[in-house]
Amino acid sequence: MAANGAPTKITQGSQTKGGIGESTLRPDGTLKVTGEFAYSSDMWHEDMLWGQILRSTVAHAEIVSIDTGEALAMPGVYAVMTYDDLPTDVRNYGLEIQDTPVLAHGKVRHHGEPVAIVAADHPETARRAAAKIKVEYRELPVITDEASATAPDAILVHENRDDHHIGHVPHPNIVHRQPIVRGNADEAAKRADVIVKGEYYFGMQDQAFLGPESGLAVPAEDGGVDLYIATQWLHSDLRQIAPVLGLPEDKVRMTLSGVGGAFGGREDLSMQIHACLLALRTGKPVKIVYNRFESFFGHVHRHPAKLHYEHGATKDGKLTHMKCRIVLDGGAYASASPAVVGNASSLSVGPYVIDDVDIEAIALYSNNPPCGAMRGFGAVQACFAYEAQMDKLAKKLGMDPVEFRQLNAMEQGTIMPTGQPVDSPAPVAELLRRVKAMPMPPERQWESSEGADVRQLPGGLSNTTHGEGVVRGVGYAVGIKNVGFSEGFDDYSTAKVRMEVINGEPVATVHTAMAEVGQGGVTVHAQIARTELGVTQVTIHPADTQVGSAGSTSASRQTYVTGGAVKNACELVREKVLEIGRRKFGSYHPAWATAELLLEGGKVVTDGGEVLSDLVDVLGDEAVEVEEEWRHRPTEAFDLRTGQGNGHVQYSFAAHRAVVEVDTELGLVKVIELACAQDVGKALNPLSVIGQIQGGTIQGMGIAVMEEIVVDPRTAKVRNPSFTDYLLPTILDTPTIPVDVLELADEHAPYGLRGIGEAPTLSSTPAVLAAIRNATGLALDRTPVRPEHLTGTA
Amino acid sequence: MRVNFTVNGRPQEADDVWEGESLLYVLRERLGLPGSKNACEQGECGSCTVRLDGVPVCSCLVAAGQAQGREVVTVEGLADFAKQRACGTGSCGGTSLDEAKRWEADGTDSQTGEGTELAPIQQAFIDAGAVQCGFCTPGLLVAADEMLERNPNPTDADIREALSGNLCRCTGYEKIMDAVRLAAARQSEGV
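Residues numbered from 1 in each chain as written. Chains lettered and ligands numbered in written order. Predicted model: local features only at pLDDT ≥ 70, side-chain atom pairs only at ≥ 80, totals over all residues. Heavy atoms only, no water.

- Per an unreviewed UniProt entry, the recorded name for chain B is (2Fe-2S)-binding protein, and the organism is Streptomyces viridiviolaceus.

- The name given to chain A in an unreviewed UniProt entry is Xanthine dehydrogenase family protein molybdopterin-binding subunit, and the organism recorded there is Streptomyces viridiviolaceus.

Next up, the structure:
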C-alpha cells in the first residue's frame, strides 16, 4: 500500500499488459459504435405489450374519481390498473422513506405523478387509451417554498408522517434538518475586520441522461418476473419492487440492460414496478419506454436551493467564522433528500479551514417536482455559494482571489466542521496553483483574416456580434465532495471472481452487480483482474441479481468500493491458486515456500522474477472461485443537534479556471475555456479519468449558463419539460477543457485511488459565474445566469 | 400501410405501418435495427440521425411513409457504407501498410475493434475515448462520418458546427472532438 501523498507503486501484476494505470479501451466499445449494444429501450420480446403511464395534470389535488371504462374497452388494450388494483398492502416505495405511492391514492402531490397504467399492443394505442381515462381532481393550494411550507395554516404534504426524521424536524413539511455547530461563530465574528453576507439561489437541474427510462418485464412460469432494466443499483430496486408485487426477492430476477447515462437520476425507481405489475396482470412481456417529455416527470431532479451565507475575515486574509442556512426544496417525495441535507451541511464550509461555524441545512416537502440525487449531491449548491463568498471577501480585502483561497485552504490534518479529521492528502492550494499556472487561451480567437468566426463568439451562429461589446472575464473556484455513502451507511460491495483454464489459457471471470452507466467500471474491473491475477483474458459477466449487491453507481464510489471488492476477491483467488501450486509443485522447488510469489503473464513467479510454473499447469481442470463482500472504513451518523461525527469516507477535490467572453449588450455568454486540476489519488484508467472530469465539468457549466427546470410558482407545474425548452450544452456551447491530473495516494483506499466522478461538477459552476462577474462587474447571486440577468432586464 | 425502402443497401418492406409512425420507430421496432436511438423524439438531440438519400436527418421527425422508395443508412450499416465509399475512391485493396503498422493485439476479452470491421470514425471513437454511456454515439457517428465526407480537413469550429445538432451528456464533447480529429488525420494519412 502506498504512503499518503506519494504515487501508488504496483508490484503484483505490474508486468501484465492491460492492467491498472493503462488507458485500456472499453470492453463494450465495439458494440456501442456498431449500434448492437442493447440498451433498456432496445429490449424486444415476441408478443410483447407496451405500457403507458397516465400522470397527473395538476400539482396538488384530491382525486375525486377515476373512470377507466372507456380505456379498457379500446381494441388492443389488455389491462388498465389504478391504486385499487395493486396486489398487496405494500403500495409505497422510496429509497429511505417509503412515501412514494406506486399509483396515486386519493391525492396527487406533484405535477406528473403516476395515476394509472395501461398495457396495449402498440405504444400509440397505449397512449390513446391512457388519454381516455377520466380523472376528476379537486385542486388544493400548492406549497412551493419555505414560506408556504411552514405557514401556520399550511396543508401538510404528507399527513401522519411516521418516518425516523419526524421527531427532530421543526415542521412536518420539513423532511430533515441537520445543524452543525462547532466553536463559537458569534464570538469569532468579533475578530473579523470584514464581514460578507450573501443570499444565493441555485436552480433546479435535470440529469438529462440521453437514454430514457425504460425496460422490459417478462412474466415467468414460476409466477415470478424477469426484469431487464437500466438502473444505478439493482439490489436497491429489488428491495423496493418485490414487496409491492408480493413476490419473494428470488422471484424478481433483475438483469442490467444497457444504461444510457444516469447522473443520479436512476437511483429512484421509475417504470420498474409498473412494468412488472402489467406483465404479471396480463401474463405477457411488457415494455415501457418514456419519451423525453415523460422523462422530465419520471425522475427526481437536483434540489433547487436558497443559501444564506455570512463569512468574516481578518484584514490579513484569515477566515474567522462562517454562518450559513441552506434550504433545499425536496418536492413532493423524500427520495434522497435526507442524505442531500447531510452533504449540504457537512460540506457547506468548503475546502477551507474555519474553526467557528454555525450551519443549518433543511429539505422541504412541497408540491414542486421531487428532487433527489444528482452528480454532486448537495455539495454542488453549497460550492456555488461559498465560492461566491470567497470572491466577495477577497475583493473587500483587496486580495487576489486565488491567493486568498490558498491562504485559507484545508490540508491533510484539517478538522472538518463535523469534527472529522481529514486524514489523506487534501492538495487544495496546489490544485489552485496548478489551474492558475495553465497557459491562458489567446485573446480574440475569433478573429481571422476572413473576419470574425461567429462560431467562436457569444451568440454563435445567430450572428449577433462580430466582437462589438464583447468583454473577457476569468474566474476561479475549488470544491470538496465526499466519496461513498456517508453517515454510518453500510456501504459494501460484492464481487465474484473465478479463474480457470479455457482453451489452454488462464481466464478470469468477474461477476458483480455494478451498474455500468457509462463511467467505465467494466473497463476498470478487467484491469484490476489482470493486475491482481496476472492474466490477460478477463471476462466481465453481465450485472444481475444472481450475485450480491454492489451498492449504487453514485457518490463517486464504484471504482473505490466495487473496484475494492474485485481487488479483494482477486487477492483471495490468488491465494487459493498459490495454495494449489504449493500443494502440487512445492516439493520440486523451495521458492514455493520461501519466496514472495506473484502471478505475472499467466505464470507463477518469484519476486525475483524466476518462473515457477504456468498457471495452466497449476490450475489443470480446477476452477477457483470466490464471492466476497468488501467494505471501506465505517462511518458514523452526524449528531442531530451538533452535527458532530466521522460521517464521511473520503474527500475529493477539484479546481477550475473559467475564461468567458460576454456580449454585454445582449447578455450572451461564450465560455472559452474551462481548465481543471483534480487529485485522483491513482488514475486506474487515465483516459476514462479525463473523460469523467471533462463530462462533469460541462454538467457544471450547464447549470451556470443555461440549464434550469422552470416551475410555475402559482401552479407548481413544470413549464419546460423538453429538450426544446430545457437547454443542454451542445458541442458549440462547449469550451476546450484542459485537465491536469494529480495522483496523491490515499492510503486508506484501494491502490490509493480517489473517487472522481463528482468533484469536477462542483467547482465548474462557480468558476464560470466568477468569470462572468469578472467580465461584467455584476453581483449575480443566482444560477443559471440568463441574458436578462446580464442586461438588467430581468 | 406498407412501406418499401432500402436500408443499408438491402431492400426492406414494413407492413402494418400506422401513418403516424416515424422512420425511427419502423427501423427500431419493425426492422430490428435499434442502433438509431430514441432520446428525445422531437429532433433536438440527434441520437436518431440516419442518412436519407445521403442527407443526415433526425429519423424521429421523418414519417415512415416519407422513406418510401428511398435509401437509408443507419449506424448498423456505417462500416459497409464507409468501405464502399473508400472503394469508390480506389482504396479498398486490403489492409494498408499504415494500418498494418498500427495494428496491435489486445486481450481477447476486450471488444475494442479487433475482429469487427469498423468505419474509420467508429474506430476513432473507441480509440479516443469518445464513448461513455454510448447513447449519443450512433447519431454522432452518422453525422461525423457525413461531415468528413464533405470536409476531409475540418477546423475545430467546423467540427463543432457540424455536430451541434447532436447532444452528449457524458463526455463534455472533448473526446468527441479528439475522435473526429483522429479520424480526419487517419483519413488524410491513410489514403
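### A look at the overall build of chain A
Stage number 1. For chain A, the count of helices and strands is 19 helices and 33 strands.
Stage number 2. A globule of 794 residues ought to have a C-alpha radius of gyration of about 28 Å, and chain A, at 27 Å, matches this closely.
Stage number 3. Each of the three principal axes of chain A carries a C-alpha extent, and together these read 85 × 75 × 65 Å.
Stage number 4. Pairs at least 24 apart in sequence give 79% of the contacts found in chain A among residues at least 6 apart.
Stage number 5. Here chain A displays about 26800 Å² of accessible surface, and carbon together with sulfur accounts for 50% of that area.
Stage number 6. Here chain A holds 69 positive side-chain charges and 101 negative ones, and the gap between their average locations is 3 Å. (Helix = DSSP H or I, 4+ residues; strand = E, 2+ residues; numbered from the N terminus. Rg over C-alpha atoms; globule rule 2.2 N^0.38 Å. Contact = heavy atoms within 4.5 Å. Areas by Shrake-Rupley, 256 points an atom, 1.4 Å probe, with all protein chains shown as cover. Lys, Arg positive; Asp, Glu negative; His and termini not counted. Charge placed at Lys NZ, Arg CZ, Asp CG, Glu CD.)

### Here's the deal with the overall build of chain B
Stage number 1. From N to C terminus, chain B includes seven helices and five strands.
Stage number 2. Along chain B, helices (α) and strands (β) appear in the sequence β-β-α-β-β-β-α-α-α-α-α-α when read from the amino end.
Stage number 3. Of the contacts formed within chain B by residues at least 6 apart in sequence, a portion of 57% connects residues at least 24 apart.
Stage number 4. Of the roughly 8000 Å² that chain B leaves accessible, carbon and sulfur atoms contribute 47%.

### Thoughts on the interface of chain B and chain A
Stage number 1. Contacts between the two partners involve 63 residues from chain B and, on the opposite side, 72 residues from chain A.
Stage number 2. When chain B packs against chain A, close to 5100 Å² is buried across both sides, 56% of that on carbon and sulfur atoms.
Stage number 3. Across the chain B-chain A interface, the total number found is six salt bridges.
Stage number 4. In this structure, the salt-bridge partner of glutamate 161 of chain B is arginine 455 of chain A, at a minimum N-O distance of 2.8 Å.
Stage number 5. On the surface where chain B and chain A come into contact, there are 28 residue pairs in polar contact (both at pLDDT 80 or more). (Buried area = accessible area lost by both parts, 1.4 Å probe. Salt bridge = Lys/Arg side-chain N within 4 Å of Asp/Glu carboxyl O. Polar contact = N/O pair within 3.5 Å; in protein donor to acceptor, adjacent residues only side chain to side chain.)

### A short note on the domain arrangement of chain B
Residues and elements named next belong to chain B.
Stage number 1. Taken domain by domain, chain B comprises domain 1 (3–73) and domain 2 (78–190).
Stage number 2. Between domain 1 and domain 2 lies a buried interface of about 1100 Å² when both sides are counted; carbon and sulfur atoms form 63% of it.
Stage number 3. Seen at the junction of domain 1 and domain 2, the total is two salt bridges.
Stage number 4. Between glutamate 149 and arginine 51 there is a salt bridge, with its nearest N and O atoms 3.0 Å apart.
Stage number 5. At the surface where domain 1 touches domain 2, the tally comes to four residue pairs in polar contact (both at pLDDT 80 or more).
Stage number 6. When residues in the side of domain 1 that touches domain 2 are grouped by element, the largest group, three residues, is from strand β3 (residues 49–52).
Stage number 7. Across the side of domain 1 that touches domain 2, the residue classes break down as five nonpolar, six polar and three charged. (Domains from an automatic or database assignment. Nonpolar A, V, L, I, M, F, W, Y, C, P; charged D, E, K, R; others polar.)

### Describing the sheet that holds strand β6 (residues 107–108) of chain A
All names here are of chain A.
Stage number 1. On the basis of which strands lie adjacent, the open sheet formed by three strands has the order β6-β2-β8 and antiparallel pairing. The open sheet is flanked by β6 and β8 (134–139), the only strands paired with a single partner.
Stage number 2. Here strand β2 (residues 61–67) runs beside β6; their pairing, made up of two bridges, is antiparallel. Across the sheet, glutamate 62 pairs through a bridge with lysine 107, a residue of β6. (Pairing = 2+ DSSP bridges.)

### With respect to the side chain of aspartate 163 of chain A
All names here are of chain A.
Stage number 1. Tracing the backbone through its elements, the reader meets aspartate 163 in the loop between α4 (146–150) and β9 (174–182).
Stage number 2. On the accessibility criterion, aspartate 163 (11% relative accessible area) is buried.
Stage number 3. There is a polar contact of 2.9 Å between the side chain of aspartate 163 and the backbone nitrogen of histidine 165. (Buried < 20%, exposed > 50% of the residue type's maximum accessible area, 1.4 Å probe, protein only.)

### Quick notes on the environment of glutamate 505 of chain A
All names here are of chain A.
Stage number 1. Residue position: glutamate 505 is located in strand β24 (residues 505–511).
Stage number 2. The exposure class assigned to glutamate 505 is partly exposed, which follows from its relative accessible area of 34%.
Stage number 3. Sequence separation of glutamate 505 and glycine 602 is 97 residues, and the distance between their C-alpha atoms is 8.0 Å.
Stage number 4. Discounting residues that sit within four places of it in the chain, glutamate 505 has contacts with Glu500, Thr536, Gln537 and Val616.
Stage number 5. Polar contacts involving the side chain of glutamate 505 include one to the side chain of glutamine 537, which spans 2.9 Å.

### Thoughts on the nonpolar core
Stage number 1. By size, the foremost hydrophobic cluster in this structure holds 97 residues, and its most contacted members are Tyr309, Ile326 and Val768 of chain A.
Stage number 2. In terms of residues, this core owes the most to one element, helix α10 (residues 379–397) of chain A, which gives twelve residues.
Stage number 3. Here valine 768 of chain A is in contact with Ala658, Val660, Val671, Leu674, Met701, Ala704 and Val705 of chain A, once residues within four sequence places are set aside.
Stage number 4. One finds Ala128, Ala130, Ala143 and Ala144 of chain B within the second-largest nonpolar core, a separate group that totals 55 residues. (Core = buried A, V, L, I, M, F, W, Y, C linked by side-chain atoms within 4.5 Å.)

### Remarks on the pattern of salt bridges
Residues and elements named next belong to chain A.
Stage number 1. According to the stated counting rule, one finds 71 salt bridges over all chains in the structure shown.
Stage number 2. With its nearest N and O atoms 3.5 Å apart, the salt bridge here joins aspartate 400 to lysine 436. In this pair, aspartate 400 sits in the loop between α10 and α11 (401–408) while lysine 436 sits in helix α12 (residues 428–437), placing the two residues 36 residues apart along the sequence.
Stage number 3. Of the charged contacts, one joins lysine 603 and aspartate 614 as a salt bridge, the two residues approaching to 2.9 Å between their closest N and O atoms. One end of the pair, lysine 603, is in strand β27 (residues 603–606); the other, aspartate 614, is in strand β28 (residues 611–614), with eleven residues separating them in the sequence.
Stage number 4. By relative accessible area, which is 30% here, lysine 603 ends up partly exposed.
Stage number 5. Overall, the relative accessible area of 30% leaves aspartate 614 in the partly exposed class.
Stage number 6. One network of salt bridges, with partners in common, ties together Arg26, Asp28, Lys32 and Glu516.

### Things to note about the pairing of β2 of chain A
Stage number 1. Where β2 of chain A lies against β8 of chain A, six bridges are found, and the strand directions are antiparallel. Across the sheet, residue isoleucine 63 of chain A finds its bridge partner in β8 of chain A, namely tyrosine 137 of chain A.

### Here's the deal with unusual backbone geometry
Stage number 1. Cis geometry is adopted by the peptide bond preceding proline 784 of chain A, which originates at threonine 783 of chain A and carries an omega value of 5°.
Stage number 2. You can see proline 784 of chain A is positioned in the loop between β33 (782–783) and α19 (787–791).
Stage number 3. In the Ramachandran plot, alanine 716 of chain A falls in the positive-phi region, its phi being about 60° despite a non-glycine side chain.
Stage number 4. Mapped onto the secondary structure, alanine 716 of chain A falls in the loop between α17 (686–705) and β32 (739–742).
Stage number 5. Of the residues examined, alanine 716 of chain A reaches a relative accessible area of 1% and is grouped as buried.
Stage number 6. Although it is not a glycine, asparagine 8 of chain B sits at a positive phi angle of roughly 50°.
Stage number 7. Within the secondary structure, asparagine 8 of chain B sits in the loop between β1 (3–7) and β2 (10–14).
Stage number 8. For asparagine 8 of chain B, a relative accessible area of 23% corresponds to the partly exposed category.

### Some remarks on the domain arrangement of chain A
Residue and element names in this part refer to chain A.
Stage number 1. You can read the domains of chain A as domain 1 (29–37 + 492–631), domain 2 (40–140 + 212–259 + 266–298) and domain 3 (421–481 + 650–791).
Stage number 2. In this complex, domain 1 contributes 18 residues to the contact, which on the side of domain 2 involves 15 residues.
Stage number 3. Taken together, the two surfaces of domain 1 and domain 2 that pack against each other cover about 1300 Å², and 57% of this comes from carbon and sulfur.
Stage number 4. Linking domain 1 to domain 2 there are zero salt bridges.
Stage number 5. Connecting domain 1 to domain 2 are six residue pairs in polar contact (both at pLDDT 80 or more).
Stage number 6. In terms of residue class, the side of domain 1 that touches domain 2 is made up of eight nonpolar, eight polar and two charged.

### A word on the UniProt feature "domain: Aldehyde oxidase/xanthine dehydrogenase a/b hammerhead" (unreviewed entry) in chain A
Stage number 1. UniProt records the feature "domain: Aldehyde oxidase/xanthine dehydrogenase a/b hammerhead" (unreviewed entry) at residues 34–141 of chain A, using the numbering of this structure.
Stage number 2. Summarising residues 34–141 of chain A: 13% helix, 35% strand, and an end-to-end C-alpha distance of 51 Å. (UniProt positions renumbered as here; feature names shortened; annotations may be inferred.)

### Some details on the pairing of strand β13 (residues 252–256) of chain A
All names here are of chain A.
Stage number 1. Here β13 lies mainly inside the structure; four of its five residues are buried.
Stage number 2. Examined bridge by bridge, strand β12 (residues 225–229) and β13 share five bridges and lie parallel to one another. Following the sheet pairing, valine 225 is matched in β13 by valine 252.
Stage number 3. Of the crossover connections in this fold, the one passing from β12 over helix α6 (residues 234–245) to the parallel β13 is right-handed. (Right-handed = clockwise from strand over helix to strand, strands pointing away.)

### Some words on the packing of aromatic side chains
Stage number 1. Within the structure shown, the criterion is met by 15 aromatic pairs over all chains.
Stage number 2. Seen in terms of ring centroids, tryptophan 50 of chain A and tyrosine 25 of chain B are 6.2 Å apart; in terms of plane orientation they differ by 40°. Their pairing is tilted. On the criterion of chain membership, the pair formed by tryptophan 50 of chain A in strand β1 (residues 49–55) and tyrosine 25 of chain B in helix α1 (residues 23–30) is interchain, its members lying in two chains.
Stage number 3. In this structure tryptophan 50 of chain A comes out as buried when scored by relative accessible area, which is 10%.
Stage number 4. Using a relative accessible area of 17% as the deciding quantity, one classes tyrosine 25 of chain B as buried.
Stage number 5. Ring geometry for tyrosine 352 of chain A against tyrosine 386 of chain A: centres 6.2 Å apart, planes inclined by 85°, an arrangement best described as edge-to-face. Within this pair, whereas tyrosine 352 of chain A is found in the loop between α9 (337–346) and β18 (356–364), its partner tyrosine 386 of chain A is found in helix α10, the two being separated by 34 residues in sequence.
Stage number 6. Overall, tyrosine 352 of chain A belongs to the buried group, its relative accessible area being 2%.
Stage number 7. Tyrosine 386 of chain A gets classed as buried once you look at its relative accessible area, which sits at 0%. (Phe/Tyr/Trp six-rings, centres within 6.5 Å; stacked < 30°, edge-to-face > 60°.)

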